[in-house]
Amino acid sequence: MSKYAAEQRRLTYRGREFHFVSYEGQRANPKREQLATDPAWFLMNAGTRWEVMPHRPGQAREELDRLFAEWLEIHVFQSHAQNGG
């Protein structure tokens, strides 16, 4: 079995820099009542991470940037506008 290779991507969007990191999926752990997870991209900020989308190795950078920007628009900027920001 090959070792998972984490990826990182920085995207400047709307004048701000965002840092995305891929994480390996986890096996289920019935003892801890944890379900299995698939590899995914996460947005990193101030020691917290938010799951963004599935990680697919080899995905084109242009496609990643577009998908990250769409996610940011919905989850960061629309949410910020709704909260009076």
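Because the structure is a prediction, the values reported are computed rather than measured. Counting of residues starts from 1 at the beginning of each chain's written sequence and follows it residue by residue. Where totals are concerned, whole chains, interfaces and linings use all residues; where local detail is concerned, this predicted model gives features only for residues with pLDDT of at least 70, and gives and counts side-chain atom pairs only at 80 or more. Values shown for side chains rest on all heavy atoms present in the structure; no hydrogens or waters enter the calculation.

Trainee: Mind showing me how you'd approach the overall build of the chain here?
Mentor: Under the DSSP-based scheme used, a helix requires at least four consecutive residues in state H or I and a strand at least two consecutive residues in state E, with every element numbered from the N terminus. Check the secondary structure of the chain and you find one helix and four strands. Along its sequence from the N terminus, the chain presents helices and strands in the succession β-β-β-β-α. The principal-axis extents of the C-alpha atoms in the chain amount to approximately 45 × 30 × 20 Å. Partly exposed describes any residue whose relative accessible area lies between the buried limit of under 20% and the exposed limit of over 50%, with all areas from a 1.4 Å probe on protein chains only and scaled to the type maximum. Expressed as a percentage of its 85 residues, the buried residues of the chain come to 29%. In the chain, 34% of the contacts between residues at least 6 apart in sequence involve partners at least 24 apart. In summary, the charge assignment counts Lys and Arg as positive and Asp and Glu as negative, without counting His or the chain termini. Working definition for charges: the position is that of NZ of Lys, CZ of Arg, CG of Asp or CD of Glu. Here the chain contributes 12 positively and 11 negatively charged side chains, and the mean placements of these two sets differ by 6 Å. Here, two residues are considered to be in contact whenever any of their heavy atoms come within 4.5 Å of each other.

Trainee: Would you explain the pattern of salt bridges in this entry?
Mentor: Working definition: two side chains of opposite charge can pair if their charged atoms are close together. Definition used for salt bridges: Asp or Glu carboxyl oxygen within 4 Å of a side-chain nitrogen of Lys or Arg. All told, the structure shown has four salt bridges when counted by the stated rule. Between R9 and D65 there is a salt bridge, and its shortest N-O distance comes to 2.8 Å. Here D65 lies in helix 1 (residues 61-82) and R9 lies in strand 1 (residues 8-13), a separation of 56 residues in the sequence. Assigned by exposure class, R9 and D65 land together as buried.

Trainee: What exactly am I supposed to notice about the side chain of S22 here?
Mentor: Within the fold, S22 resides in strand 2 (residues 16-23). On the basis of relative accessibility, which here comes to 1%, the residue S22 falls in the buried class. Polar contacts involving the side chain of S22 include one to the side chain of Y4, which spans 3.0 Å. If sequence neighbours within four positions are ignored, S22 has contacts with Y4, A5, A6, E7, A40, W41 and H55. In the analysis that follows, any N or O atom pair within 3.5 Å is treated as a polar contact, provided that within protein one partner can donate a hydrogen and the other can accept it, and provided that, for residues neighboring in sequence, both atoms belong to side chains.

The analysis is restricted to geometry; functional conclusions fall outside its scope.
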